[in-house]
Amino acid sequence: MLELKQVSKRFGGVVATDNVTLDVAQGEVHALIGPNGAGKTTLISQISGSLDVDSGEITFQGSPITRAKQYERVKAGLARSYQITSIFKRFSVLDNLALAVQARSGSSFSFWRPVASEAALFEEARVLAGEVGLSEKLHSLAATLAHGEQRALEVGLALATRPKLVLLDEPMAGMGPEESARMIELIGKVRAKLTVLLVEHDMDAVFRLADRITVLVNGRVIATGTPGKIRADAEVRRAYLGDEVAAA
Amino acid sequence: MKRSLVVLALLIVYPLAMQAIDHLFYVSFASRLLIYAIAATSLNLVLGYGGMISFGHAAFVGAGAYVASIALAEGVTSAWIGWPAAILASALLAWVIGAISLRTRGVYFIMITLAFAQMMFYLVNSMKAYGGDEGLTLPQRATLGFGLDLANEVVFYYVVLALLVAILYCLHRLVHSRFGRVMVAIRENEARVEAIGLPVYRYQLACFVIAGAAGGLAGALLASHGKYVNPNVLHWVQSGTLMIMVILGGVGHLWGGVIGAVALLTLEHAIADYPVPWLTQLAPNYQQHANLGVGLVLLLIVLFAPQGIAGLLSRKRHARA
Amino acid sequence: MSWILILEQSLNGLQFGLMLFLLAAGLTLVFGIMDMINLAHGSLYMLGAFIASTFVQLTGSFTLGVLLAVPATAVVGMILEMSLLRTLYARDHLSQVLATFALILIINELVRLVWGSDAALPGPAALSGPVELLPGLRYPSYRLLIIGVGLAVAVLLYLLVTKTKVGMLVRAGASNREMALAMGVNIKTLFTLVFGVGAALCAVAGAMLAPLFAVQVGMGENILILAFVVIVIGGIGSIRGALVGAVLVGVVDTIGRAFLPILLGAFFQPRVASAAGPALASVMIYLIMAVVLYFRPKGLFPARG
């Protein structure tokens, strides 16, 4: 469904992405792991379209999207959630989700009719809120939510655009065990309907959820394969997993 | 809502009262206040709701003023031609300037809008055919037909008031529409709006053009009101004045532009025409330095009350509740 | 159209461009390092000219007057920074724009109260005559002095920024402020210093240009816009960009004003040329700015990638 071919990017003298080639098959949960600074978020940004690639190609559902603008990719079915929470802080949870639904359905160049009259938008937003576990907080201002709830909203915004493939950038960042469990459950529910490219540090979640794993170190792919294969890979252990695997 | 109706009622009754006590000058003065209220409201759309710090809004007001003036100077007196032409011209100008400026962000955007506005100033300044730097005096105000004689101060006032109310109502609907929600979201978190699939640039440009068009209408009214136009209406200090009005009144509040325009112009008028005895003792020609007061007030507002008058009023209302 | 005329106008353009550079350099550093929009920068330029006029009157010497005005203006700038502008760094851009706009109004009126609406600053008598640069090319010696001073300051700035420790801190701050902060640079003092240097540069430009243009309230606003155009073309935070942008703007503007009407006259009727010429000339640099921005929204040499 998603294919990257020799994608590269440099910032001045630093090579952030080094000839990355990977593919995400339809329906799978593909995890992207690697140490801090490996360039995972940079890669996600290039896939989502907020960063330009220097060279290489990205194909989505058979069509090249390397030069497509971010909003065009979203329209094509490719959504993303952010590692550093990026929501509409002064909107309520309901309004946050309703806006994303609005973006997906129909034109927003509508200047006269009040949004409040569009019941369908808010109904769908309510359903979404339920899916991510925020039904109790519909009318709370996003800024007042707990960290875990904000991360859930973060994912909710990405899901609201009804994507075919969603890029989840460290959805469990900064979460405690209980919140993480809920997020894992959510991703489990979501995978039935769409394809997921998941960036995560939480190895427990990764090995539980992933169909395949790609390991990124210093911007380069050093291994791709099933969780079992990755666990056993010597270079991966050396570069990244090390003691964590022994503990798991 | 109730407050708005009270204000509206007062505004409707005002000129009749002035006429009764034979102070027609104050009707003309009030018309000018309301015209600036329209201009400030148009800036409020782009600045307050859209979050775009456009420092060149005077260019659109000025473009409208000049197109309307040129029409009158050339003998096209019907407002039904002159005013829409002014609106169209400003909208077009806003499209061009916006299309280039909105490719930039932050500090660049502010400076570029400033520079483009100043470019328009110099352009108009060098148009010798229409007065150049001396400005253009107009033979008459525009004509509306239907028995409405715009030369009559009271009639002119009501026409301006009607337009202001229409614009405020349109702004109200706009803010609550889909488009309005997107604009407010862009102001809140531009990157995320793009990430949920909306082309931010197009929305910002549309907002910019709408605001420019409304500014153009204000310009056309200004030209008719004073029967005179000169390049200073495009100068960036004018843009600054409009911004002062918006922040004084309340950035992002529906009535912000109106409150700010009325407050600032009334203050200026009061300082200039009503000498305060003890102040005159202290500094004999303080009235010529009114800008010092304006500057200080602006500074204090920015530092201590950035939500403006409307912000202070709504805080009081919430505190009471 | 003689070559002498073209050379002369080019020199004028260079002279104006170098003075613009002095303004733009200070401004671009403030934007780049402190991320602050300072509309009152032009007011420092104006203050420099007015203060210089007073000192020149007091001392009777042009050189002494200018030399005293520069540090005096720098001090005023630093006091302004430490008292008021510092509080604006953390604020949003709109607040900065409005607060510094308020400053323009306040400073303009204060200058009017102290000096009146204008002041006189005649050039040094010794340099009132022309110098023969090439056979047939006589150029005012005062303007040559301006070019000399401009180049000297440019070289000095270059050395300061590239060869000294302070300069390195400035460059680091311009390209990545958070990193500089994280590395423990004494940000407060650095900012005050940068502001002071910017003010000093303004004073030099203001005092040097005063004998050519009038010293009057409002002179700051006019040249401020040009400085903005320079920075936008050159790239925020880049001194090299400021130099390239300033010379470009100075030369294009001067040559445009001098020759566009003549050039147009060769192709169009005199009536059209005399109307369109000055209009096009005044719009020239803005057109260039628009073109540069279309291809490089961050200017030619942005300090931050």
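Attention shifts here to the overall build of chain C. What chain C contains, in helices and strands, is 11 helices and 4 strands. Taken against the 2.2 N^0.38 rule, which gives 19 Å for 305 residues, the C-alpha radius of gyration of chain C at 20 Å falls within 12% of a compact globule. Projected onto the principal axes, the alpha-carbon positions of chain C cover approximately 60 × 50 × 40 Å. For chain C, with 305 residues in total, the buried portion stands at 50%. Relative to all contacts within chain C whose residues are 6 or more apart in sequence, the contacts with residues 24 or more apart total 78%.

Attention now goes to helix 1 (residues 3–34) of chain C. An α-helix turns once per 3.6 residues; consequently, residues spaced three or four apart project the same way. Residue and element names in this part refer to chain C. Over its 32 residues, helix 1 runs 45 Å from end to end, which matches the ideal 46 Å to within 8%, given 1.5 Å per residue. For helix 1, the buried fraction is high: 23 of the 32 residues fall into the buried class. D35 sits one or two residues past helix 1 and shows a positive phi near 50°.

Residues and elements named next belong to chain A. Taken across its 9 residues, helix 1 (residues 40–48) has 7 buried, putting it largely inside the fold. For helix 1, the complete set of buried residues consists of K40, L43, I44, S45, Q46, I47 and S48. Positive backbone phi, at 105°, marks G49, one or two positions downstream of helix 1.

Moving on, we come to the environment of S2(C). Among the secondary structure elements, S2(C) is positioned in the segment before helix 1. On the basis of neighbour counts, which here come to 9 C-beta atoms within 10 Å, the residue S2(C) falls in the exposed class.

Here the focus is the interface of chain C and chain B. Contacts between the two partners involve 33 residues from chain C and, on the opposite side, 37 residues from chain B. Those elements that provide at least two residues to the side of chain C that touches chain B are helix 4 (93–115), helix 9 (219–234) and helix 11 (270–295) of chain C. Class assignment of the residues belonging to the side of chain C that touches chain B gives a composition of 26 nonpolar, 4 polar and 3 charged.

Next up on the list: the pairing of strand 3 (residues 137–140) of chain C. Pairing between strand 2 (residues 130–134) of chain C and strand 3 of chain C: 4 bridges, direction antiparallel. Counted as the bridge partner of V131(C) is Y139(C) from strand 3 of chain C.

In this section: the sheet that holds strand 5 (residues 63–64) of chain A. Residues and elements named next belong to chain A. Strands sit in the order 2-1-4-5 across an open sheet of 4 strands; the sheet is antiparallel. The open sheet is flanked by strand 2 (14–24) and strand 5, the only strands paired with a single partner. Sheet topology places strand 1 (residues 2–11) next to strand 2; 7 bridges connect them, and they run antiparallel. By the bridge assignment for strand 2, E3 is matched with D23.

The next thing to look at is unusual backbone geometry. Phi is positive for N19(A), close to 50°, though the residue is something other than glycine. As for its placement among the helices and strands, N19(A) is situated in strand 2. We classify N19(A) as partly exposed; it has 15 C-beta atoms within 10 Å. Phi at K227(B) is positive, roughly 50°, even though this residue is not glycine. Within the secondary structure, K227(B) sits in the loop between helix 9 (200–226) and strand 2 (228–229).

Another point: the interface of chain B and chain A. Each partner contributes to the interface: chain B provides 20 residues, whereas chain A provides 28 residues. Contributions of two or more residues to the side of chain B that touches chain A are made by helix 6 (153–176), helix 7 (178–188) and helix 8 (190–195) of chain B. Considering each element in turn, the side of chain B that touches chain A owes the most residues, 6 residues, to helix 7 of chain B. In the side of chain B that touches chain A, the residues fall into 10 nonpolar, 4 polar and 6 charged.

Residues and elements named next belong to chain B. Following both chains from N to C, one finds helix 2 (residues 24–49) and helix 11 (residues 256–273) inclined at 135°, their axes separated by 7 Å at the closest point. Overall, the two elements helix 2 and helix 11 adopt an arrangement that is oblique. Both helix 2 and helix 11 take part in a crossing whose hand is right-handed. Facing helix 2, whose interface residues are L33, Y36, A37, A40, T41, L43, N44 and G48, helix 11 presents G256, G257, V258, G260, A261, V262 and L265.

Low pLDDT marks regions whose predicted coordinates should not be analysed in detail. Per-residue confidence for chain C gives a mean pLDDT of 85, with 95% of residues at or over 70. For this predicted complex, the interface score ipTM comes out at 0.88, alongside a pTM of 0.88.

The next thing to look at is the packing of helix 3 (residues 93–104) of chain A against helix 4 (residues 119–131) of chain A. Residues and elements named next belong to chain A. Between helix 3 and helix 4, the shortest axis-to-axis distance is 8 Å and the interhelical angle comes to 115°. Two packed elements cross with a definite hand, and for helix 3 against helix 4 that hand is right-handed. Across from V93, L94, L97, A98, V101 and Q102 in helix 3, the residues of helix 4 making contact are L121, F122, E124, A125, L128 and A129. Here the residues of the contact of helix 3 with helix 4 sort into 10 nonpolar, 1 polar and 1 charged.

It is worth spelling out the sheet that holds strand 3 (residues 29–33) of chain A at this point. Sheet strands associate in pairs through backbone hydrogen bonding, adopting either a parallel or an antiparallel arrangement. Residues and elements named next belong to chain A. A sheet is described by the order of its strands in space; here 6 strands give the open sequence 6-7-8-3-9-10, paired in mixed fashion. Every other strand in the sheet has two partners, leaving strand 6 (78–81) and strand 10 (220–225) as the edge strands with one partner each. Neighbour to neighbour, the strand axes of the sheet diverge by 15° on average, direction disregarded. Where strand 7 (residues 165–169) lies against strand 8 (residues 195–199), 5 bridges are found, and the strand directions are parallel. Bridged to L165 within strand 8 is T195. Across the sheet, helix 5 (residues 147–160) touches strand 6 and strand 7, and the angle it forms with strand 6 is around 170°.

Conventions and cut-offs
Residues numbered from 1 in each chain as written. Chains lettered and ligands numbered in written order. Predicted model: local features only at pLDDT ≥ 70, side-chain atom pairs only at ≥ 80, totals over all residues. Helix = DSSP H or I, 4+ residues; strand = E, 2+ residues; numbered from the N terminus. Rg over C-alpha atoms; globule rule 2.2 N^0.38 Å. Buried ≥ 20, exposed ≤ 12 C-beta atoms within 10 Å, placed from the backbone. Contact = placed C-beta atoms within 7 Å. Expected span 1.5 Å × (residues − 1). Nonpolar A, V, L, I, M, F, W, Y, C, P; charged D, E, K, R; others polar. Pairing = 2+ DSSP bridges. Axes fitted to C-alpha atoms, helices over the stretch in contact; angles between N-to-C directions. Parallel < 35°, antiparallel > 145°, perpendicular 65-115°, else oblique. Left-handed = near helix turned anticlockwise from the far one by under 90°. pLDDT = per-residue confidence, 0-100.

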